[in-house]
Amino acid sequence: MLYSQQDIQDNRLRARKEALLTAVLALPFLAAAIAGFVVRAELLCIAGCALLCAVVILMTDLRLMPVVRYGRFLQDVQTGLSRTTAGTLVRLGQDEVYQDGVYFRELILNIYEDLSEEGERRFLLEWGRPCPHALVGRDVAVTSHGNFVLDVRPLGRQEQEVQA
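Going along each chain's sequence as written, the residues are numbered from 1 onward. Predicted model: local features are reported for residues with pLDDT of at least 70 only, side-chain atom pairs are reported and counted for 80 or more only, and whole-chain, interface and lining totals are derived from all residues. Side-chain calculation: all heavy atoms of the structure are included, whereas hydrogens and water are not.

Caption draft 1: Fine view of the pattern of salt bridges. By definition here, a salt bridge exists when the distance from a side-chain nitrogen of Lys or Arg to a carboxyl oxygen of Asp or Glu is within 4 Å. If you walk through the whole model with that rule in mind, you get 5 salt bridges. Salt-bridge contacts for Arg 129 lead to Asp 7; the nearest nitrogen and oxygen are separated by 3.3 Å. One end of the pair, Arg 129, is in the loop between β4 (120-126) and β5 (139-145); the other, Asp 7, is in helix α1 (residues 5-38), with 122 residues separating them in the sequence. Summarising the burial analysis for this pair, Arg 129 and Asp 7 share the class buried. With its nearest N and O atoms 3.6 Å apart, the salt bridge here joins Arg 91 to Glu 120. One end of the pair, Arg 91, is in strand β1 (residues 83-92); the other, Glu 120, is in strand β4, with 29 residues separating them in the sequence. The cut-offs for exposure are 20% and 50% of the maximum accessible area for each residue type, with area from a 1.4 Å probe on protein chains only; residues under the lower value are buried, those over the upper are exposed, and the others partly exposed. Judged by relative accessible area, Glu 120 falls into the partly exposed class, the value being 27%. When salt bridges that share partners are traced, they join Asp 7, Glu 126 and Arg 129 into one network. To qualify as a helix, a DSSP run of H or I must reach at least 4 residues; to qualify as a strand, a run of E must reach at least 2; elements of each kind are numbered from the N terminus.

Caption draft 2: Fine view of helix α2 (residues 42-79). Taking 1.5 Å per residue, 38 residues should reach 56 Å; α2 reaches 51 Å between its end C-alpha atoms and fits that length. To get the bend at any residue, fit one axis to the seven residues that end at it and another to the seven that begin at it, then take the angle between the two axes. Maximal helix bending in α2 amounts to about 45°, located at Thr 60. Within α2, the full set of buried residues consists of Cys 45, Gly 48, Leu 52, Val 55, Met 59, Leu 64, Val 67, Tyr 70, Gly 71, Phe 73, Leu 74 and Val 77. By this rule the span expected of a helix is its residue count minus one, scaled by 1.5 Å.

Caption draft 3: Geometry of the environment of Glu 126. Tracing the backbone through its elements, the reader meets Glu 126 in strand β4. Note on Glu 126: relative accessible area 10%, which makes it buried. Counting along the chain gives 30 residues from Glu 126 to Glu 96, while the straight-line C-alpha distance between them is 9.3 Å. Two residues qualify as a contact provided that any one of their heavy atoms is within 4.5 Å of a heavy atom in the partner residue. Residues contacting Glu 126, with those up to four places away along its chain left out, are Tyr 3, Tyr 70, Phe 73, Val 102, Tyr 103 and Phe 104.

Caption draft 4: Spatial organisation of the pairing of β5. Counting buried residues along β5, 6 of its 7 residues qualify, which places the element largely inside the surrounding structure. Pairing between β1 and β5: 6 bridges, direction antiparallel. Counterpart to Thr 88 in the pairing with β5 is Asp 139. Here the rule is simple: two strands pair whenever DSSP picks up at least two bridges between them. Direction of pairing for β5 relative to strand β6 (residues 148-154): antiparallel, over a ladder of 6 bridges. Pairing of His 145 across the sheet is with Phe 148, part of β6. With antiparallel pairing between neighbouring strands as the criterion, β5 and β6 make up a hairpin whose turn holds 2 residues, including Gly 146 at a positive phi of roughly 65°.

Caption draft 5: Local environment of the side chain of Glu 18. The topology assignment puts Glu 18 in helix α1. Contacts of Glu 18, omitting those with residues within four sequence positions, involve Arg 63, Leu 64 and Val 67.

Caption draft 6: Here's a closer look at the packing of aromatic side chains. For Phe, Tyr and Trp, where Trp contributes only its six-membered ring, two rings pair if their centres lie within 6.5 Å, and the inter-plane angle classes them as stacked under 30 degrees, edge-to-face over 60, or tilted in between. Tallied over the full model, the rule gives 6 aromatic pairs. Centroid distance Phe 73 to Phe 104: 5.6 Å. Interplanar angle 70°. Geometry classified as edge-to-face. Here Phe 104 lies in strand β3 (residues 102-110) and Phe 73 lies in helix α2, a separation of 31 residues in the sequence. With a relative accessible area of 5%, Phe 73 lands in the buried category. Relative accessible area serves as the criterion here: at 0%, Phe 104 is assigned to the buried category.

This is a description of form; function is not addressed.
Here it is as structure tokens:
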């Protein structure tokens, strides 16, 4: 399997680090806003509040939310339904595909024996996961959640007949 419980734990740790970084970067501006409020320096208070909001929005949008979205993806993949599809691995995409907050590459599987175009099925393999270049043109079993690849393994002729 391409995903494990360790991936979820690593993602949670990374999300905590990003949240802590956001808090540390926002702290000086919060202190400036509070200091401006205490000493009745309106300009300092307004500038502190504006910069505090800017830093929190920027860091949340650019650093924290991608990690949170990836965590949701991992939870969905781990706990959701999966199915296995047998066929011939026709090709692997070279371009990045962005979906649900994660970058993928396309994996095209043909489930028909005559390899006609109607039998092609599109699956998405996470960009950072190992790519099965050696399996192109061979019979494989793709375990997936929706169209997200969980596992790709080669099939022998007997195993493919059992799968069908």
